[in-house]
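This is what each chain is made of:
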Amino acid sequence: MPGTKPQGLMRRVVAAIERLRAAGGKRWGDAIITAVVALVAAGAALALNTTTPIRFVENLTYDLRLAIGAPKAQPDFVIIKIDDAATSAMRDASPCHCLAPINKAWLGDLIAALDAKGVKAIGVDYLLDTWSSPEEFNDFQQRVAPVKAPIVVVVDPQLKAGVDYPISPKLHYSDARALMHVDYDDVIRRYDPKPSANRALAAEVGVAAVGLKPPTKSFLIRYRQPDPNVQAENAGAISPSYSAAFVPFLPANLLRGKIAFIGSVTRSATADSDTPKEDMHTTPLRFLKGHDQGTPGVEVHVHALSQMMAGDRVREPGLVWTLLIVAACALAGALLARSSERWWLSVVVVVLFMAGGSVLAYLLYRYTALMLPMVAPGLSFAFSFFLFSRLAAAELQNQRAFYSSTLERYLAPQVIDRMVGGQEEVKIGAEEREITVMISDLENFSNLVASLDLETFSEVINEYFDGVIDILWKHEAMIDKMTGDGIIAIFGAPVASTDHADRAIACAREIDLYALEIRKRMIERGVRFGYTRMGLSSGIGLVGNFGGERRFNYTAYGEVVVIAARLEAANKTFGTRILFSADTLRLAKIDVPIRPVGEIDLKGVPMPIPAYTTVTEEDVAPA
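Scope of this entry: the structure provided in the associated data block. (Residues numbered from 1 in each chain as written. Predicted model: local features only at pLDDT ≥ 70, side-chain atom pairs only at ≥ 80, totals over all residues. Heavy atoms only, no water.)

To continue, consider the nonpolar core. Here is a general trend for soluble globular proteins: nonpolar side chains tend to be buried in one another's company. Residues M438, Y464, L472 and L536 are the most contacted members of the largest nonpolar core, which totals 38 residues. When contributions to this core are tallied by element, the ones reaching two or more residues are β12 (431-442), α13 (445-451), α14 (454-474), β14 (486-491), α15 (500-524), β15 (532-547) and β17 (578-581). Dropping the residues within four chain positions of it, L536 is found in contact with V437, M438, A504, I505, A508, A564, L567, I578, L579, F580, S581 and T584. Counting residues in hydrophobic clusters, the runner-up holds 36 residues, among them A86, I122, Y126 and I151. (Core = buried A, V, L, I, M, F, W, Y, C linked by side-chain atoms within 4.5 Å. Buried < 20%, exposed > 50% of the residue type's maximum accessible area, 1.4 Å probe, protein only. Helix = DSSP H or I, 4+ residues; strand = E, 2+ residues; numbered from the N terminus. Contact = heavy atoms within 4.5 Å.)

Spatially, six strands are ordered β4-β3-β2-β9-β1-β8 in an open sheet, and the strand pairing comes out parallel. With partners counted over all chains shown, the strands left at the sheet margins are β4 (171-175) and β8 (241-243), one partner each. Ignoring which end each strand starts from, the neighbouring axes of this sheet average 25° apart. Each of β1 (77-82), β2 (121-127) and β9 (259-264) touches helix α8 (residues 297-310); the most contacted strand, β9, lies at about 155° to it. (Pairing = 2+ DSSP bridges. Axes fitted to C-alpha atoms, helices over the stretch in contact; angles between N-to-C directions.)

A surface patch of nonpolar side chains, about 430 Å² in accessible area, is lined by I32, V36, V40, F386 and L387. For the nonpolar patch, the elements supplying multiple residues, two or more each, are α2 (26-48) and α11 (375-407). With three residues, the top contributor of residues to the nonpolar patch is α2. In this structure, L387 sits in helix α11. Relative accessible area serves as the criterion here: at 32%, L387 is assigned to the partly exposed category. (Patch = residues over 30% accessible without salt bridge, like charges linked within 9 Å, V, L, I, M, F, W, Y side chains within 5 Å. Areas by Shrake-Rupley, 256 points an atom, 1.4 Å probe, with all protein chains shown as cover. Salt bridge = Lys/Arg side-chain N within 4 Å of Asp/Glu carboxyl O.)

What follows deals with the sheet that holds strand β7 (residues 219-220). The strand order across the open sheet built from three strands is β5-β6-β7, with neighbouring strands paired in antiparallel fashion. Each edge of the sheet is formed by a strand with only one pairing partner; in this case those strands are β5 (179-180) and β7. The sheet contact formed by β5 and strand β6 (residues 190-191) spans two bridges and is antiparallel. Within the sheet, the bridge partner assigned to L179 lies in β6 and is Y191.

This part covers the side chain of T532. Among the secondary structure elements, T532 is positioned in strand β15. Residue T532 is classed as buried on the basis of its relative accessible area of 2%. A polar contact of 2.8 Å, which involves the side chain of T532, links it to the side chain of Y464. For T532, the residues in contact, after removing those within four places along its chain, are S440, D441, L442, Y464, I511, D512, A515 and R577. (Polar contact = N/O pair within 3.5 Å; in protein donor to acceptor, adjacent residues only side chain to side chain.)

Let us now look at the packing of α14 against α15. Contact geometry for α14 and α15: axes closest at 9 Å, N-to-C directions at 160°. Between α14 and α15, the angle is such that the two are roughly antiparallel. Considering the relative orientation of α14 and α15, their crossing is right-handed. Along its contact with α14, which presents V460, E463, Y464, G467, V468, I471, L472 and K474, the element α15 presents C507, E510, I511, Y514, I518, R521 and M522. Residue classes in the contact of α14 with α15 are distributed as ten nonpolar, one polar and four charged. (Parallel < 35°, antiparallel > 145°, perpendicular 65-115°, else oblique. Left-handed = near helix turned anticlockwise from the far one by under 90°. Nonpolar A, V, L, I, M, F, W, Y, C, P; charged D, E, K, R; others polar.)

Set out below in structure tokens:
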């Protein structure tokens, strides 16, 4: 509300800011205030960033970027699924018709069949550290003895090789614990290439197949795009996927030169399938088709190997860079808050910043693999923006209270609002400026005063002035003086404008209509109410604050004021209600009926001036 001062804590803060500016100057004071607000906002955002709800949102933005901005995978892989068809074939081949542990004889034949198709290497995502008997182990060895491709299997690292399970020279042993659940939401985001003395499955396969030099420390998985050619129940898979039951019948060209991974894949063609979900993990790919119920563990290994073979990684800024990013966003929020007085503009600025930041973060990951934090910077921007907006609003209330108390007697409220909001430039002190002056007078005012009792006169004159002032404010005039029955108004000051002549003419015409209507109403009530006469003149005037130290007034001096006063008085001679000078007509662009009156000699003006009038209805001669 105009004229209302901020209360409580905010009022004390504003007072402290004013003292700071008074002590160090406005520029340094504003810089210190901005820095303090940014630091407070950044600190609050970083503190909140450690809480579970904020971590959840940060992880969500992280996973969305991983899924949507995923790079393509190498075309070097094939997944051999242990699905419903494969488990049925394995059950039929098992003497006990059982599924667990995996039938080693059936698995040995599967590995031999893959080797016969020309695969480069075979990774088995099944524990091969449990054997029912030495005969079972020997039978498996015989079945894989002719295999040329390296075979990598996983074992429990808690078991001792050669003690708890026999060792086969045909097999490369790897650790089964590569998939890391390190966050509270249990989403697989990291891969450990060497959880123990043994490498992880993907790392060992890479070493055996292509001589890969895998990293030794855990890394963030940069998930790859799904293979665009796989459909139906395989939709979402990183590479072509075939049921183990059909490997003997597959054309060799589908497998030749590929790195084959054997693992449980219970992804189904429909979301409501009754197929039991085994070895399925929640990953950032859960937003993509085929991963809404989880990603098969064997596919996660393929994603990790594809990344290691490509040599890329997810890059994250360190602590120092994160702090700088959060602080920079907080500073941006404080700086932008200066220009957002309206609440809807504040919302638009915050939303645009969040949207722009999201797009930038996505593009940085998509093309540089840089994973910037999003939530903490966004929060710091929003907090800083809000804090500075509240401070600015409190200062604005202070300024509005000051302006209102000093200017509301002269200016329209909307002009004061624009001045306070910084949308209009106001120069303090006297200066020469092009303006339009309008002076009005009420005909037979002395007779009106003499003919009415005090109460009736007060009611009549107040009703008249209320309407006239509303019209003046509508056209953004400054009311210089009220002289009993008349008003001196200035257009184009204290706020400069280029259309002051147009607004003055439009204002005069509207006042004329209002004055005719109120005159008619007063006459019907038995009140002898006269016409309103107005004189308008445009030109260069000296405007500003004039007076002594104890009292001053914002007014205008110059010939432009004199001419307006003389034209107002000349209305009586020419039987008009509005007269304006040729200078006003020259500056105005308004399309209204104009009639020349002629050149008029005005007292105090050295040269005759052309005068004009405008009619607002059928020309009615004053009585």
